[in-house]
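# Fold and contact review
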Amino acid sequence: MTNLKQKARILDRDGIRRALTRIAHEIIERNKGTEDLVLIGIRRRGVPLAKRLAEKIREIEGSIVPVGILDITLYRDDLSSLHSHPVVRQTEVSFPVKGKKVILIDDVLFTGRTIRAALDAIIDLGRPRSIQLAALIDRGHRELPIRADYIGKNVPTSRRELVEVRLDETDGEDEVIIQEKP
């Protein structure tokens, strides 16, 4: 990510916390509680976001919602162009998804291709009752007909810009910034 300059700071620590709190409330409301609800975070930053959402839901409802980790590397349609030897990490979903209401969580929704791959991966685990999507940032520019059910913040961007989510768990700080190619 060299030769990029920071253009704007979209969310700080408190902004991320508020967005996740709102998403947690929306998930509970739309699903009429937490029965049969499971959260699955897409590696990398979707995982800590899923864990944070599970904690928020526990604080609000007093119930524990299972959290799984999804690696979509082998499901990507651009796998051959990414790297000659892609790093495949483990999917860790220790609960059945059959008949569950799955909330899929990612940090940034962009073209929709990551989500398409994640949908394929989830279906391979079983047939859920429903799959809903939560994204901290929706930046537009969809290439596939995919939309998020829960959005932390809509951020219109140009294709020259990069939205970078930084989280304590992966980066040592909580913020969302827009970077631009000079």
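What you are looking at is a predicted structure, and each value in this text was computed from that prediction instead of being measured.

### Overview of the sheet that holds strand β4 (residues 101-109)
In sheet architecture, strand pairing relies on hydrogen bonds along the backbone and comes in two forms, parallel and antiparallel. Pairing is parallel in the open sheet, where 5 strands are placed in the order β3-β2-β4-β5-β6. Each edge of the sheet is formed by a strand with only one pairing partner; in this case those strands are β3 (67-70) and β6 (150-154). When the angles between neighbouring strand axes are averaged without regard to direction, this sheet yields 25 degrees. Both strand β2 (residues 37-42) and β4 contribute to a ladder of 5 bridges, which runs parallel. Within β4, the position partnered with Gly41 by the bridge is Ile105. Relative to β6, helix α1 (residues 13-30) is tilted by about 150 degrees, and along the sheet it contacts β2, β4, β5 (130-138) and β6. Of the strands in this sheet, β2, β3, β4 and β5 touch helix α2 (residues 46-61), which is tilted by about 155 degrees from β2.

### Examining α2
The terminal C-alpha atoms of α2, which comprises 16 residues, lie 22 Å apart, in line with the 22 Å expected from a rise of 1.5 Å per residue. Of all the residues in α2, the buried ones are Gly46, Val47, Pro48, Leu49, Ala50, Arg52, Leu53, Ala54, Lys56 and Ile57. As for α2, its buried residues are in contact with α1, β2, β3, β4, β5 and α5 (168-171). Where α2 terminates, the next one or two residues include Gly62, which has phi positive at roughly 80 degrees.

### Some thoughts on the packing of α1 against α2
The N-to-C vectors of α1 and α2 enclose an angle of 60 degrees; their axes lie 9 Å apart at closest approach. Here α1 and α2 pass one another in a crossing that is right-handed. On the side of α1, the interface is formed by Ile16, Arg17, Leu20, Thr21, Ile23, Ala24, His25, Ile27 and Ile28, while α2 contributes Leu49, Arg52, Leu53, Lys56, Ile57, Ile60 and Glu61. Within the contact of α1 with α2, the residues separate by chemical class into 10 nonpolar, 2 polar and 4 charged.

### Points about the UniProt feature "short sequence motif: PRPP-binding" (unreviewed entry) in the chain
Following the UniProt record, one finds the feature "short sequence motif: PRPP-binding" (unreviewed entry) at residues 102-114. Secondary structure content for residues 102-114 is 15% helix and 62% strand, and the end C-alpha separation is 16 Å.

### As for the environment of Val93
With respect to the helices and strands, the residue Val93 is situated in the loop between α3 (79-82) and β4. It is 9.7 Å that separates the C-alpha atoms of Val93 and Leu39, two residues lying 54 residues apart in sequence. Leave out the neighbours within four places in its chain, and Val93 touches Ile40, Gly68, Ile69 and Leu125.

### Some thoughts on the pairing of β5
Taking burial as the measure, the 9 residues of β5 include 7 buried ones, the bulk of the element. Across 8 bridges, β4 lies against β5 in parallel orientation. Across the sheet, Leu109 pairs through a bridge with Asp138, a residue of β5.

About the thresholds
- Residues numbered from 1 in each chain as written.
- Predicted model: local features only at pLDDT ≥ 70, side-chain atom pairs only at ≥ 80, totals over all residues.
- Heavy atoms only, no water.
- Pairing = 2+ DSSP bridges.
- Helix = DSSP H or I, 4+ residues; strand = E, 2+ residues; numbered from the N terminus.
- Axes fitted to C-alpha atoms, helices over the stretch in contact; angles between N-to-C directions.
- Contact = heavy atoms within 4.5 Å.
- Expected span 1.5 Å × (residues − 1).
- Buried < 20%, exposed > 50% of the residue type's maximum accessible area, 1.4 Å probe, protein only.
- Left-handed = near helix turned anticlockwise from the far one by under 90°.
- Nonpolar A, V, L, I, M, F, W, Y, C, P; charged D, E, K, R; others polar.
- UniProt positions renumbered as here; feature names shortened; annotations may be inferred.

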